[in-house]
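Okay, here's what each chain looks like letter by letter:
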Amino acid sequence: MSVHPYESIETFAIGALEGDDARRLLQHADQCPTCAIVLAEAMQVAAGLEPEQRRPINVASRVYSRASRRRTLASWAAGIAAAAALVALTLYNGDLRSSSLNVPVAALVHSHFTHHALRGTIGSAKVIQALDGSWLYLIADNLKPKSEYSLWEVGGARQREVGTFSTNSRGQASAYFQQPAAKVRALSVRAGNQVGTGGPELCWP
Amino acid sequence: VTERDQPADLVHHLALGNPAALEQAFDFYVERCNAVAYRVLGDEEAARDAVQEAFLALWRHREGLVVKTAGLLPWLIVVTRNAAIGIVRSEAWRTRREERAKRILTERTISDPADAVLRQREASCLHRALHALPPEQKTVVELAYFHFLTMAQIAEQTATPVGTVKRRVQLALRQLGKLLREVAP
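Every value quoted in this text rests on a predicted model; they were computed, and no experiment measured them. Within each chain, residue numbers correspond to sequence positions counted from 1 in written order. Chain labels run from A onward and ligand labels from 1 onward, assigned in the order the entries are written. Selection of residues for local features in this predicted model requires a pLDDT of at least 70, selection of side-chain atom pairs for listing and counting requires 80 or more, and totals for whole chains, interfaces and linings are taken over all residues. As a rule here, side-chain values come from all non-hydrogen atoms in the structure, and water together with hydrogens is ignored.

## Description of the overall build of chain B
Phase 1 of the analysis: To qualify as a helix, a DSSP run of H or I must reach at least 4 residues; to qualify as a strand, a run of E must reach at least 2; elements of each kind are numbered from the N terminus. Scanning chain B from N- to C-terminus turns up 11 helices and 0 strands.
Phase 2 of the analysis: Shown N-terminal to C-terminal, the secondary structure of chain B runs as helices and strands in the order α-α-α-α-α-α-α-α-α-α-α.
Phase 3 of the analysis: Any residue under 20% of the maximum accessible area for its type is buried, any over 50% is exposed, and the rest in between are partly exposed; the area is computed with a 1.4 Å probe on protein chains only. Taken over 185 residues, chain B has a buried fraction of 54%.
Phase 4 of the analysis: A sequence separation of at least 24 residues applies to 53% of the contacts in chain B between residues at least 6 apart. Contacts: residue pairs with any heavy atoms within 4.5 Å of one another.

As structure tokens, then:
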């Protein structure tokens, strides 16, 4: 869109601009301050036409619970993630979905990730990580309740702590870590945050 | 991102690419967006699809000027509505809606979501302002906003050139904007 699409801005705001034209307009306005201001104003007016009612009409008794909102977020993965990873993730999360744990939003918005199942004598955990290792999302279950744990990785020749996390009263935890991009060759979860305090509770591979 | 982050902070965190901000925006606005989509579609499952599309679009446009300028909620409402209207216009939706209508006809009277929308609109002062617009402007806004017609369809239905229809929409929204600023300066 090389010229300012002024005549389409209000049309977009009230929903009368179709598919590709609508997408082009949004993309143009993201980069064009003049159109962004006009579009933002039109959006505020159009949004003002919507009634304040928060609950769906005729389904007031079926408002999303926090848990169902999480499930909806989780379902986004279907549209974003690679199919193989999704299947594994969905199967793994079968039990966790009934809990109040955070879903791996990072996995939903980054299309390139992989995941590892960490196994051990107690509990279980899954780590979803960016292919370049720049972020990791951990979900754990059946660990010791209300306890401190740490996540460790082996990147190069040495082991390093990624970060710490705490379990809730049901022994569950979720945590998101960001770090400089690095190749991850192994992961482990340890009680406390000292590598020298015994073997890992959970590890991959 | 913290539990107490306000929408302005969320816009900032979103622009930085923080996924937790998207999750929090979802928590803040999903019910409102769901209601917006449901008013268009009258179907919970389809409404969720529209809401999902809107939040994915939010992530794609998180660094854009429009999100920052319009604010999260107006942006989400408009994009959710557009996504829902896109579903309404799809062939698959027409087929599905026809099948649903046949099924409901055997059970009870059809409840048209557009009727529900028309009832709801009476509640807002902006809707009252809509009635104060010149008739030709009011007509195009109603056909577009409440009956989900495209500009081409409105042009055909009102026997008016598309350019004229767009101009009327433009004038109408600007007039409504003025009224909005007077109510809430």
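After presenting the structure, the write-up continues.
## Structural notes on the side chain of T160 of chain B
Residues and elements named next belong to chain B.
Phase 1 of the analysis: Within the secondary structure, T160 is located in the loop between α10 (151-158) and α11 (162-183).
Phase 2 of the analysis: Polar contacts here mean pairs of N or O atoms no more than 3.5 Å apart (in protein, one a potential hydrogen donor and the other a potential acceptor; neighbouring residues in sequence count only if both atoms are side-chain atoms). Within the local environment of T160, its side chain forms a polar contact with the backbone oxygen of T158, the two atoms lying 2.9 Å apart.
Phase 3 of the analysis: Setting aside residues no more than four positions away along its own chain, T160 makes contact with A155, V165 and R168.

## A closer look at the environment of W59 of chain B
Phase 1 of the analysis: Position of W59 of chain B relative to the elements: it lies in helix α3 (residues 44-60).
Phase 2 of the analysis: Linking W59 of chain B and G17 of chain B, residues 42 residues apart in sequence, is a C-alpha distance of 8.2 Å.

## Comments concerning the nonpolar core
Across soluble globular proteins, nonpolar side chains show a tendency to be buried alongside one another.
Phase 1 of the analysis: Within this scheme, the nonpolar core is defined by two criteria: the residues are buried Ala, Val, Leu, Ile, Met, Phe, Trp, Tyr or Cys, and they are joined through side-chain atoms within 4.5 Å. If you look at the biggest cluster of nonpolar residues, it comprises 76 residues, and the most contacted ones within it are M43 of chain A together with F55, L58 and W75 of chain B.
Phase 2 of the analysis: What M43 of chain A contacts, discounting residues up to four positions off in sequence, is F12, A13 and L26 of chain A together with V66, A70, P74, W75, V78 and V79 of chain B.
Phase 3 of the analysis: L151, A175, L187 and L202 of chain A belong to the second-largest nonpolar core, a separate cluster that totals 18 residues.

## Quick notes on the pairing of strand β3 (residues 135-141) of chain A
All names here are of chain A.
Phase 1 of the analysis: The element β3 is largely enclosed, with a buried count of 7 among its 7 residues.
Phase 2 of the analysis: Side chains W135, Y137, I139 and D141 project from β3 onto one buried face, and the interleaved L136, L138 and A140 project onto a second face that is buried too.
Phase 3 of the analysis: By the bridge criterion, 6 bridges tie strand β2 (residues 124-130) to β3 in an arrangement that is antiparallel. The partner of V127 across the bridge, within β3, is L138.
Phase 4 of the analysis: Of the strand pairs in this sheet, β3 and strand β6 (residues 173-178) are connected by 6 bridges, and their pairing is antiparallel. Its bridge partner being in β6, I139 is matched across the sheet by S174. Here, any two strands with at least 2 DSSP bridges between them count as paired.

## Side note on the packing of aromatic side chains
Residue and element names in this part refer to chain B.
Phase 1 of the analysis: Stacked, tilted and edge-to-face are the three classes applied to pairs of Phe, Tyr and Trp rings, where Trp contributes its six-membered ring and a pair requires centres within 6.5 Å; stacked means planes under 30 degrees apart, edge-to-face means over 60, and tilted covers the rest. Evaluated as defined, the whole model comprises 3 aromatic pairs over all chains.
Phase 2 of the analysis: Between F26 and F55, the aromatic rings sit 4.9 Å apart at their centres with planes inclined by 65°, giving edge-to-face as the arrangement. Residue F26 is located in helix α2 (residues 19-41), and its partner F55 is located in helix α3; the two are separated by 29 residues in the primary sequence.
Phase 3 of the analysis: Relative accessible area serves as the criterion here: at 0%, F26 is assigned to the buried category.
Phase 4 of the analysis: Assessed through its relative accessible area of 0%, F55 is described here as buried.
Phase 5 of the analysis: Both a distance and an angle decide whether a charge sits over a ring: NZ of Lys or CZ of Arg must be within 6 Å of the ring centre and within 35 degrees of the ring normal. Note that R62 overlies the ring of W59, its terminal NZ or CZ placed 4.1 Å from the centroid.
Phase 6 of the analysis: Here the basic side chain of R81 rests over the ring of Y145, its NZ or CZ set 3.6 Å away from the ring centre.

## A word on the pattern of salt bridges
Phase 1 of the analysis: Salt bridge, as used here, is a side-chain nitrogen of Lys or Arg placed within 4 Å of a carboxyl oxygen of Asp or Glu. Under the defined criterion, the tally for this structure stands at 9 salt bridges over all chains.
Phase 2 of the analysis: A salt bridge links K166 of chain B to E7 of chain A; its shortest N-O distance comes to 3.7 Å. Linking K166 of chain B in helix α11 with E7 of chain A in helix α1 (residues 6-13), this pair reaches from one chain into another.
Phase 3 of the analysis: A residue is classified by how much of its surface remains accessible, and E7 of chain A, at 46% relative accessible area, is partly exposed.
Phase 4 of the analysis: Two residues, E50 of chain A and R39 of chain B, come together in a salt bridge whose shortest N-O distance is 3.0 Å.

## Remarks on unusual backbone geometry
Phase 1 of the analysis: Backbone torsion omega between W204 of chain A and P205 of chain A reads 0°, so that peptide bond is classified as cis.
Phase 2 of the analysis: Tracing the chain through its elements places P205 of chain A in the segment after β8 (202-204).
Phase 3 of the analysis: In this structure, K146 of chain A is a non-glycine residue whose phi angle is positive, near 45°.
Phase 4 of the analysis: By the secondary structure assignment, K146 of chain A is in the loop between β3 and β4 (148-154).
Phase 5 of the analysis: At A159 of chain B, a position not held by glycine, the phi torsion is positive, near 55°.
Phase 6 of the analysis: With respect to the secondary-structure elements, A159 of chain B resides in the loop between α10 and α11.

## Here we look at α2 of chain B
All names here are of chain B.
Phase 1 of the analysis: In this model α2 runs just 29 Å from its N-terminal to its C-terminal C-alpha over 23 residues, more than 12% under the 33 Å that 1.5 Å per residue would give.
Phase 2 of the analysis: With 21 of its 23 residues buried, α2 lies for the most part within the structure.
Phase 3 of the analysis: Where α2 begins, one side-chain oxygen reaches toward the backbone nitrogen of A20, 2.9 Å away; that side chain belongs to N18.
Phase 4 of the analysis: Directly beyond the C-terminal end of α2, a positive phi value near 65° is found at G42. Given the number of residues in a helix, its expected span is that number minus one, multiplied by 1.5 Å.

The values are spatial; any link to function lies outside them.
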